[in-house]
Protein chains: 4
Amino acid sequence: MSPDPRGTGLFIAGVRGAVATTVVHGLEGLRAGTPPVGLVTASPPFAHLPWEPAAGLHVCGWDVAGNLHRSAEELGRTHVIPEDLVELCAELRDRIELGLAPGIPDPEDVAAVDPGARARLELAPRAAVEALREDIRGWKRALGLQRGVVIYLASVERQRGLPAGWDDANGDPLALLERAPRELSRSLLYGAAAVAEGCPFINFTPAPGPAVAALAGMARRAGVPVLGNDGKTGETLVKTVLAPLFRDRALNVLAWEGYNMLGNRDGAALSDPERRAAKIQNKDRVLASILGNARAHTHVGIDFVPSLHDWKTAWDFIHFEGFLGARMSLQFTWHGSDSALAAPLVIDLSRIALRAQDRGEGGLLPAAAPFFKNPVGVTEHDFHRQMDMFRRWCAR
Amino acid sequence: MSPDPRGTGLFIAGVRGAVATTVVHGLEGLRAGTPPVGLVTASPPFAHLPWEPAAGLHVCGWDVAGNLHRSAEELGRTHVIPEDLVELCAELRDRIELGLAPGIPDPEDVAAVDPGARARLELAPRAAVEALREDIRGWKRALGLQRGVVIYLASVERQRGLPAGWDDANGDPLALLERAPRELSRSLLYGAAAVAEGCPFINFTPAPGPAVAALAGMARRAGVPVLGNDGKTGETLVKTVLAPLFRDRALNVLAWEGYNMLGNRDGAALSDPERRAAKIQNKDRVLASILGNARAHTHVGIDFVPSLHDWKTAWDFIHFEGFLGARMSLQFTWHGSDSALAAPLVIDLSRIALRAQDRGEGGLLPAAAPFFKNPVGVTEHDFHRQMDMFRRWCAR
Amino acid sequence: MSPDPRGTGLFIAGVRGAVATTVVHGLEGLRAGTPPVGLVTASPPFAHLPWEPAAGLHVCGWDVAGNLHRSAEELGRTHVIPEDLVELCAELRDRIELGLAPGIPDPEDVAAVDPGARARLELAPRAAVEALREDIRGWKRALGLQRGVVIYLASVERQRGLPAGWDDANGDPLALLERAPRELSRSLLYGAAAVAEGCPFINFTPAPGPAVAALAGMARRAGVPVLGNDGKTGETLVKTVLAPLFRDRALNVLAWEGYNMLGNRDGAALSDPERRAAKIQNKDRVLASILGNARAHTHVGIDFVPSLHDWKTAWDFIHFEGFLGARMSLQFTWHGSDSALAAPLVIDLSRIALRAQDRGEGGLLPAAAPFFKNPVGVTEHDFHRQMDMFRRWCAR
Amino acid sequence: MSPDPRGTGLFIAGVRGAVATTVVHGLEGLRAGTPPVGLVTASPPFAHLPWEPAAGLHVCGWDVAGNLHRSAEELGRTHVIPEDLVELCAELRDRIELGLAPGIPDPEDVAAVDPGARARLELAPRAAVEALREDIRGWKRALGLQRGVVIYLASVERQRGLPAGWDDANGDPLALLERAPRELSRSLLYGAAAVAEGCPFINFTPAPGPAVAALAGMARRAGVPVLGNDGKTGETLVKTVLAPLFRDRALNVLAWEGYNMLGNRDGAALSDPERRAAKIQNKDRVLASILGNARAHTHVGIDFVPSLHDWKTAWDFIHFEGFLGARMSLQFTWHGSDSALAAPLVIDLSRIALRAQDRGEGGLLPAAAPFFKNPVGVTEHDFHRQMDMFRRWCAR
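Definitions and cut-offs
Every chain is numbered on its own, with residues counted from 1 as its sequence reads. Going through the entries in the order they are written, you letter the chains from A and number the ligands from 1. Given that the model is predicted, a residue must reach a pLDDT of at least 70 before its local features are reported, and side-chain atom pairs must reach 80 or more before they are shown or counted; all residues, however, enter totals for whole chains, interfaces and linings. Elements are defined by DSSP. Helices are runs of H or I of four residues or more, strands are runs of E of two residues or more, and each kind is numbered from the N terminus. The globule rule used for comparison is 2.2 Å times the number of residues to the exponent 0.38, while the radius of gyration itself is calculated over C-alpha atoms. Exposure classification rests on a simple neighbour count of other C-beta atoms within 10 Å of a residue's own: a residue reaching 20 or more is buried, one at 12 or fewer is exposed, and one in between is partly exposed. C-beta atoms are placed from the backbone. This entry defines residue contacts through backbone-placed C-beta atoms, with two residues in contact when those atoms are within 7 Å. Any residue that is not Ala, Val, Leu, Ile, Met, Phe, Trp, Tyr, Cys, Pro, Asp, Glu, Lys or Arg is counted as polar, Gly included; the first ten are nonpolar and the last four charged. Strand pairing is assigned whenever DSSP identifies at least 2 bridges connecting the two strands. What sets the superposition is a least-squares fit of C-alpha atoms, and only residues with pLDDT of at least 70 in both copies go into it. Fitted lines through C-alpha atoms give the axes, limited to the stretch in contact for helices. The angle between two N-to-C directions lies from 0 to 180 degrees. Just so you know, the domain bounds were taken from an automatic or database domain assignment.

Here we take up the overall build of chain A. The number of helices and strands found in chain A is 14 helices and 11 strands. Taken against the 2.2 N^0.38 rule, which gives 21 Å for 396 residues, the C-alpha radius of gyration of chain A at 20 Å falls within 12% of a compact globule. Its C-alpha atoms give chain A principal-axis dimensions of roughly 70 × 50 × 50 Å. Counting all 396 residues of chain A, 62% fall into the buried class.

On the side of chain B, 47 residues touch chain A, which itself brings 48 residues to the contact. Only helix 1 (18-31), helix 10 (235-248), strand 10 (327-337), helix 13 (338-358) and helix 14 (383-395) of chain A provide two or more residues apiece to the side of chain A that touches chain B. Among the elements that line the side of chain A that touches chain B, the one with the most residues is strand 10 of chain A, at 10 residues. Taken together, the residues of the side of chain A that touches chain B break down into 28 nonpolar, 17 polar and three charged. Pairing geometry for strand 10 of chain A and strand 10 (residues 327-337) of chain B, over seven bridges, is antiparallel. Each residue of the ladder has a partner; that of His-335 of chain A, found in strand 10 of chain B, is Ser-329 of chain B.

For the pair of chain copies, the relating transformation is a rotation about an axis with a translation along it. With an RMSD of 0.0 Å, the operation that places chain A on chain B is a rotation of 180° combined with a shift of 0.0 Å along the axis. One copy is carried onto the other by what is essentially a two-fold rotation axis. Considering only C-alpha atoms, the part of chain A nearest the rotation axis is Phe-332 of chain A, at 2.0 Å. Counting the interface residues of chain A, we find that 98% of their copies in chain B are interface residues as well, pointing to one common contact surface.

As summarised here, the arrangement of the eight strands in space is 8(A)-7(A)-9(A)-10(A)-10(B)-9(B)-7(B)-8(B), forming an open sheet in which the pairing is mixed. Edge positions in the sheet fall to strand 8 (297-304) of chain A together with strand 8 (297-304) of chain B, since each of these pairs with one other strand and no more. Strand after strand, the sheet turns through a mean of 10° between neighbouring axes, direction not considered. Where strand 7 (residues 252-262) of chain B meets strand 9 (residues 311-321) of chain B, nine bridges bridge the pair, whose relative direction is antiparallel. Each residue of the ladder has a partner; that of Gly-258 of chain B, found in strand 9 of chain B, is Asp-316 of chain B.

Let us look at the domain arrangement of chain A. All names here are of chain A. Domain boundaries in chain A define domain 1 (8-231 + 340-395) and domain 2 (235-337). Using only C-alpha atoms to locate each centre, domain 1 and domain 2 end up separated by 26 Å. Taken together, the contacts link 22 residues of domain 1 with 24 residues of domain 2. Those elements that provide at least two residues to the side of domain 1 that touches domain 2 are helix 2 (68-77), helix 13 and helix 14. In terms of residue class, the side of domain 1 that touches domain 2 is made up of eight nonpolar, eight polar and six charged.

Let us look at the sheet that holds strand 11 (residues 363-364) of chain C. Residues and elements named next belong to chain C. If you walk across this open sheet you meet the seven strands as 3-2-1-4-5-6-11, and the pairing is parallel. A single partner strand is all that each edge strand has here, and the edge strands are strand 3 (101-102) and strand 11. Sheet topology places strand 6 (residues 225-228) next to strand 11; two bridges connect them, and they run parallel. Its bridge partner lying in strand 11, Pro-225 is registered against Gly-363. Sheet strands touched by helix 6 (residues 125-143): strand 1 (8-13), strand 2 (57-63), strand 3 and strand 4 (147-152). Its angle to strand 1, the strand with the most contacts, is close to 145°.

Put into structure tokens, the structure is as follows:
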């Protein structure tokens with residue numbers, strides 16, 4: 001990559017994962033003229049706004065294991081990325097692999113990670129953050145990038161308690177890290193490094209990140225936007241689109257049972273019940289919020305079905321009561337590529353975060369709500385109302 | 001508004017049909033304390049508004065054939081209306097049958113109608129309207145009703161051309177009727193009679209009614225609201241809720257195929273392709289409007305499946321393209337009682353029409369858009385935006 | 001065979017459950033002329049055989065809690081049994097309640113059972129069996145029945161280990177019971193009592209019953225048929241019908257994921273993972289047996305969804321590979337009343353068991369395989385091959 | 001049987017179509033070691049029989065338009081054939097294109113066909129057959145093939161009347177062709193040519209072919225097997241697997257509604273109602289035959305949805321009644337590649353036809369029933385019983 005002085009870095013934690021791999025190839029496809037399907041910021045009502053152009057976005061990143069070529073080949077073979085685009089991007093992947101920095105693994109994953117990542121696990125949290133900051137500065141220097149966004153796309157992590165002090169909006173994360181345990185959520189390490197380097201932080205996973213008051217407070221004070229949590233790409237998206245129908249027609253939802261199946265790395269991680277818990281909570285809570293009906297029986301299941309690879313397939317069954325007690329049902333089957341759905345949103349969110357930063361909007365960004373299962377700083381889960389918030393923000 | 005203690009008439013064309021029968025029993029159920037599930041005007045954000053109370057609404061009406069007891073028993077047997085409520089309302093049905101006036105049949109249905117209705121077919125259009133007006137005045141007198149709403153719930157009629165003059169907002173329907181052919185849409189006869197009697201007119205069918213400029217103009221001049229067309233109760237409702245998702249996520253809908261099955265009188269009427277045409281058009285056009293995508297392949301089928309009775313079952317298949325050309329799909333199966341879905345909307349619309357009349361809003365009422373497949377005077381089909389229009393109207 | 005004019009008892013463990021309640025009303029319906037839909041022994045190829053007529057079958061039974069009237073009313077309200085039939089059978093239910101004997105509860109259920117059942121829990125296993133035998137003799141005496149069948153329809157029990165000696169086909173259950181622990185599967189108590197009284201024993205649940213060698217051996221020696229295990233009524237039935245398609249077309253099943261939802265007492269019991277285990281095993285194992293494909297990923301889930309009551313709703317997703325690796329899928333949604341599906345099979349199985357006894361066929365009855373998820377003494381799970389076995393048995 | 005070392009020709013009418021293209025690539029894949037998924041004759045119970053090896057089968061054929069390279073590329077792009085296999089077979093396709101003979105188009109298609117095919121349309125039927133025979137002899141000579149099979153894979157043709165004399169099993173097709181009209185079904189021309197040349201004839205389409213008595217009689221007298229009609233690959237296959245479940249459980253099917261969507265050349269042809277009729281009849285009649293229930297409401301729809309290409313997607317809704325009138329439903333969605341499902345059956349049927357010929361079995365071959373929607377000479381539509389017939393034939 002020849003230095004682009006006006007360019008912007010997408011610094012991705014989990015850069016060899018399926019979503020990041022699709023982002024890498026997608027940006028190249030967009031440069032080559034692929035229509036920007038799935039990219040909200042390129043669609044009619046928003047396309048004219050001064051977003052960062054695709055050509056100006058350069059991916060670098062961290063990972064704890066894996067290989068970008070292998071990821072790309074699997075996505076090609078399973079029809080997520082066109083196979084000719086996979087071939088076309090071989091050199092680009094080589095360059096990203098060369099510039100790749102070791103990620104900070106979860107302690108429980110130590111056996112499965114690269115030596116470099118294992119070494120980083122030795123670092124105390126404060127030192128780990130400094131290493132991440134040095135990575136960011138290094139990429140900027142090496143590629144001549146003027147600015148960047150940190151995007152957290154790591155595998156779903158276990159739910160961990162929050163150490164004392166972090167729930168205080170006036171707490172200083174860098175100071176708190178001095179005495180933090182090693183089991184701290186990785187999203188806080190990447191988030192703190194991002195904000196300290198003046199980079200907007202986007203948490204596309206269910207990890208806490210910007211939901212932690214100290215991190216959000218630091219970001220607000222620094223004028224750096226922090227966005228999250230947990231990208232809303234598939235079944236949950238449909239849920240937050242459909243649930244308002246029942247509310248607005250005064251229909252009484254008796255049960256909403258959702259069964260998700262997927263077979264990618266994310267699916268494998270989610271077969272660990274400790275990792276699954278946060279995700280299920282995010283997928284489930286949206287219903288109670290929209291329906292305002294505490295009596296509805298709801299259930300969210302996630303099963304690992306290897307043959308599906310990246311192709312999330314979900315079935316939802318909604319049992320509801322209408323006038324005079326008539327029992328009715330709506331069921332839907334969603335079949336979509338998780339990565340093809342997530343990747344354009346990562347680009348959208350990067351553009352939105354950069355624009356917010358340009359406009360001086362630090363801290364939580366409620367306008368990004370329609371992109372997240374658990375939007376921080378927002379209680380509204382109705383997708384249409386979230387889109388209204390986003391439209392108003394764009395129009396400002 | 002202070003609702004008149006002597007009550008309001010719901011004058012229904014098609015009063016022995018499944019929807020009207022459900023309205024009759026539903027009002028009685030509401031009086032007896034059945035929770036108002038499915039009734040928008042009784043749900044939290046709207047319940048406090050001064051709507052006409054259920055206890056003040058009294059059903060009278062016209063029909064060309066059938067029997068209200070038989071309709072009720074079939075709806076009881078097929079689990080649309082609780083069987084004890086069917087029993088409870090036997091006397092009420094007797095009273096409605098006693099007061100029932102003959103409807104004006106379509107010429108092609110003459111063989112299948114009651115003698116009274118056959119006699120009305122002899123009347124010239126202008127005379128037929130006078131007969132309908134006399135019915136309205138008669139019911140008011142007999143039941144001591146101060147006012148009323150006319151609701152058009154007749155079986156789907158064939159598409160017919162519009163005679164000259166009717167597309168002029170300044171045309172006078174009563175004068176135009178003097179020279180109108182007998183094949184005129186029945187919705188214009190009932191609509192003209194309603195407006196002439198100062199009754200709001202609600203067209204719950206795909207017939208033209210308020211979409212005809214002369215009728216809408218007469219209503220506006222008279223300060224009488226006219227609402228329509230074609231109640232949005234099931235599959236089309238879901239369509240207008242889901243389609244915005246694809247638009248707002250910039251996903252490219254390639255095909256949207258909808259298959260509807262139903263087995264009630266409406267289903268039987270719709271097995272006639274000439275009657276089906278208007279309904280299919282209404283169900284189909286919403287997609288192009290919301291998606292703004294002329295290239296999407298769309299299809300709407302309606303099949304008569306007798307064993308389903310009132311339980312409309314529909315399957316929609318949505319084939320769409322995402323980022324980098326990935327092909328995905330969403331399919332849903334809707335299973336609901338058409339009458340249980342429509343009946344509360346008929347009550348809602350009556351209340352809305354009465355309130356509009358109280359507020360002096362004559363002519364087309366765009367705020368009623370979320371209730372119709374083909375809302376007259378409104379180009380917006382996105383259900384959520386229609387609900388926003390309705391909410392703003394309520395808040396005024 | 002000449003059916004005894006004085007009738008045959010159906011002695012049901014779990015006589016107040018939904019299935020037994022449906023049997024009670026169904027027999028009455030059949031006597032009154034309801035067409036025998038769902039009754040295999042009344043369908044064309046089998047109807048001419050000398051089965052016990054419905055009029056000769058009289059239900060008696062045991063239960064640990066509940067009330068037959070309440071069960072019937074719930075099944076009426078949820079449209080499993082026609083409401084007029086529920087009314088019609090009030091006296092019949094009174095008689096059954098009057099003759100009802102206390103069942104033997106599982107120790108862990110003691111808090112939720114009737115006092116009579118609690119008292120029976122005090123009995124040692126051998127004494128409990130004697131009490132059951134006395135019940136059978138008492139019913140025969142009281143109703144003048146010449147013979148009977150014991151049908152085990154109790155709620156799903158926890159999986160329990162089998163005490164020493166029971167896996168020996170020459171073991172004597174009555175002797176083994178002398179030293180058996182109180183945690184013994186109730187199916188062995190009812191099974192031993194049935195065989196000791198010369199009554200065929202039908203185990204419609206996943207409990208071990210006839211799969212235990214000592215019980216099967218005793219039955220063989222006594223010339224008493226024992227049938228089981230676990231009635232095949234819904235999703236598993238469809239599985240064993242569809243799986244042969246993939247085998248016979250040489251299609252490679254990659255994954256078969258089944259999600260079951262139900263809301264009746266069985267559903268509630270199955271929310272206990274210890275009780276669910278045996279059922280899931282039975283539902284799952286059929287696939288490996290038919291497909292002969294150890295690599296297919298399979299999953300069976302059962303969730304308790306109260307609003308569904310007796311209406312089991314299941315979704316199965318089958319991911320398979322065809323020629324040149326093409327990935328395809330078949331998904332189905334099953335929506336059926338568990339009790340309406342099970343009840344006629346209970347009658348069928350009673351007739352089959354009686355006929356086997358008449359023909360002198362004691363012990364396991366492989367010909368009953370198509371009726372069970374886990375047919376004892378049979379390795380074939382392909383429904384069509386099982387039906388061939390049954391047809392040949394009938395033709396003998 | 002000792003397979004001829006110099007090989008066997010698969011002479012395909014419609015050799016540039018999607019199914020034939022998949023056969024071409026599939027045979028090459030099998031030679032290269034691709035596992036024979038979907039190939040019945042290669043699956044465990046049949047694999048040991050002396051079938052013609054894949055390496056001995058060589059494709060030649062006729063077509064009226066199109067291009068084999070374009071067909072292959074589209075099937076590669078739409079994930080039916082692996083893209084590397086498409087690349088690998090470029091030379092093979094060149095050879096087939098070089099040896100290709102013009103097909104005999106339907107008169108109504110004249111505008112859309114190649115000049116060579118247009119020229120053949122000038123030939124009288126008898127002369128056309130001689131041209132086809134000369135093609136077969138030419139391919140044999142050119143490739144040194146000892147024998148061959150003719151497979152009819154042309155686009156669905158319009159239903160046409162049968163001229164006098166053809167319904168006589170003693171009629172001589174070659175003589176009847178002398179006075180036949182030009183609108184004769186093309187399947188009779190290819191069938192007569194095949195039999196006259198001693199090649200078994202397989203009709204994979206709904207055209208009449210072997211169902212015509214004169215053709216079947218000629219084949220029987222000549223000792224040449226003729227197989228058909230209409231390959232059973234997807235939704236109809238599932239129907240004939242599932243329908244026996246309802247019959248065998250004495251469940252009363254009220255309605256069976258099937259909706260098929262596809263987007264390939266076959267789908268385009270089927271948008272012509274005159275072409276669709278025969279196919280729908282074949283898909284529909286299986287139900288009445290299996291269920292023996294003339295009262296069930298059945299419907300089969302086929303819609304052309306271009307974006308699906310070869311990926312047939314079908315939804316079937318089965319409404320049925322169980323014990324005491326309980327209303328239940330089963331619905332399924334089938335999503336499979338038509339060509340990937342059909343191609344291995346074409347190879348299977350060729351092997352079966354050759355083996356029948358070796359065994360001296362001329363005329364109709366009832367044992368091939370499980371492969372056809374409308375098996376000639378067989379009234380049985382139950383897939384499992386058809387497989388039993390096939391297994392017995394194999395074991396002979």
